[in-house]
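Single-letter residue listing:
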Amino acid sequence: MSWDRVINIKTPAEIQLMREAGRINHEALQAARAAIQPGVTTADLNAIAEEVLRKHGAFSPFLNYPGPTPYPASICTSVNEELVHGIPGKRKLVEGDIITMDCGTVFKGFVADSAITVGVGEISGAAQMLIEVTEGALQAGITKMVPGLHVGDVSAAIQDYVESRGYYVTRVYTGHGVGKQMHEGPQVPNYGQAGAGLELKAGMTIALEPMVLIGTPDTRVLRDGWTVISVDRSLTAHYEHSVAITEEGPLILTIS
Ligand code: MF3
Ligand code: CO
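Small disclaimer: the values here were computed from a predicted structure and weren't measured.

The rules behind the values
Residues numbered from 1 in each chain as written. Chains lettered and ligands numbered in written order. Predicted model: local features only at pLDDT ≥ 70, side-chain atom pairs only at ≥ 80, totals over all residues. Heavy atoms only, no water. Axes fitted to C-alpha atoms, helices over the stretch in contact; angles between N-to-C directions. Helix = DSSP H or I, 4+ residues; strand = E, 2+ residues; numbered from the N terminus. Parallel < 35°, antiparallel > 145°, perpendicular 65-115°, else oblique. Left-handed = near helix turned anticlockwise from the far one by under 90°. Contact = heavy atoms within 4.5 Å. Nonpolar A, V, L, I, M, F, W, Y, C, P; charged D, E, K, R; others polar. Pairing = 2+ DSSP bridges. Core = buried A, V, L, I, M, F, W, Y, C linked by side-chain atoms within 4.5 Å. Buried < 20%, exposed > 50% of the residue type's maximum accessible area, 1.4 Å probe, protein only. Near = heavy atom within 4 Å. Polar contact = N/O pair within 3.5 Å; in protein donor to acceptor, adjacent residues only side chain to side chain.

> I'm lost on the packing of helix 1 (residues 12-34) against helix 2 (residues 42-55) in this one. Help?
Any two packed helices are characterised by how steeply their axes cross, that is the angle between the axes, and by the distance between the axes. Look at helix 1 against helix 2: their axes get within 8 Å of each other, and the N-to-C directions meet at 150°. What the angle tells us is that helix 1 and helix 2 run roughly antiparallel. Judged by the sense of rotation from one axis to the other, the crossing of helix 1 with helix 2 is right-handed. When helix 1 is examined against helix 2, the residues I24, E27, A28, A31 and A32 are found in contact with a partner set consisting of L45, I48, A49, V52, L53 and K55. Residues of the contact of helix 1 with helix 2, tallied by class, amount to 9 nonpolar, no polar and 2 charged.

Structure (structure tokens):
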């Protein structure tokens, strides 16, 4: 059975454990964010996030994640035209770059997964707008994460937010349920029809992750087997939160 078929409903106690994982994940991302400046390498950012996880007795579900080759790091660092799954290494950030850091945490048996896109020093107005639209799209999707609405309502909210501003969402990479595994059902695309798809229920926990492109929605994977870039090499951005659907509304897990 493929990962997207299994939907595990969490108890309030399990959601509290996921909240703890989410807090640690937020701390790791913020520590890495604070280190961003020209000259820093993406491997440095990975080491900083990893140290925060280690300090809490947590670890990243990304490390050794199965793929064409096991994923070799604890976070993904995707610079400029790199949309997702960039591998940390010797690359030095330069003023004007934008970098997405995607981090996962396993703590007390539960996973948190979150991503942010950040500018390095002064960035162009176009880059700033792209980042704001992507973060706004995530918030627009989260607003629809209430019991009784459907996956399509979340997907359509993201798509409408992005496309009405003249940008594109990827058709290839999606949000996903998250829990004891990093990837569970349901799959939550960044495009769709309002009212369509699975009905959302309290206790579902979903990593929502709009990935936004400027020129075209098309992507390709580099020869490292992981790094996904825009085909036209224009800038891209990605935001992600792990969110619990509760009777009281959406509860963002990956914040302080
Ligand atoms: N946030 C990404 C995801 O949900 C991170 C996966 S990177 C990997 O798929 F290396 F672990 F695959
Ligand atoms: Co994810």
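> Explanation requested: the sheet that holds strand 12 (residues 236-238) in the structure shown.
Hydrogen bonds between backbone atoms are what pair the strands of a sheet, whose relative direction is either parallel or antiparallel. Strand order in the open sheet formed by 3 strands is 5-9-12, with antiparallel pairing between adjacent strands. Single-partner strands in this sheet number two, and they are strand 5 (168-169) and strand 12. Of the strand pairs in this sheet, strand 5 and strand 9 (residues 211-213) are connected by 2 bridges, and their pairing is antiparallel. From the neighbouring strand, Y168 faces strand 9, where its bridge partner is L213. Running over the sheet, helix 3 (residues 125-143) touches strand 9 and strand 12 and is turned about 30° from strand 12.

> I would appreciate a short explanation of the nonpolar core in the present structure.
Soluble globular proteins tend to bury their nonpolar side chains together. Within the largest apolar cluster, 51 residues are counted, with the highest numbers of intra-cluster contacts made by I36, L45, I99, M101, M145 and L208. Here this core gets 7 residues from one element, more than from any other, and that element is helix 3. Counting 15 residues, the second largest nonpolar core, distinct from the first, contains F62, A73, V178 and L253.

> I would appreciate a short explanation of the site of ligand 1 in the present structure.
With respect to spatial proximity, 13 residues lie near ligand 1, and among them D102, D113, H176, H183 and E209 are the closest. Between D102 and ligand 1, the recorded distance is 2.6 Å, taken from a side-chain N or O atom to a nitrogen atom. Within the side chain of H176, a nitrogen or oxygen atom sits 2.8 Å from an oxygen atom of ligand 1. Classifying every residue of the shell around ligand 1 by side-chain character gives 6 nonpolar, 3 polar and 4 charged.

> Got a minute to help me understand the pairing of strand 4 (residues 110-119) in this structure?
Consecutive side chains of a regular strand alternate in pointing toward one face of the sheet and then the other. When you tally the buried positions in strand 4, you get 9 out of 10 residues, the bulk of the element. Between strand 3 (residues 98-107) and strand 4, which follow one another and run antiparallel, lie 2 residues, and K108 among them has a positive phi close to 50°.

> Looking at this structure, how should I read unusual backbone geometry?
For residues other than glycine, phi is negative in most cases, and the peptide bonds are mostly trans. Cis geometry is found at the peptide bond from G185 to P186, where omega equals -5°. With respect to the helices and strands, P186 occurs in strand 7 (residues 184-188). Residues other than glycine seldom take positive phi values, yet R233 does so here, at roughly 60°. Position of R233 among the secondary structure elements: in the loop between strand 11 (228-230) and strand 12. Judged by its relative accessible area of 47%, R233 falls in the partly exposed class.

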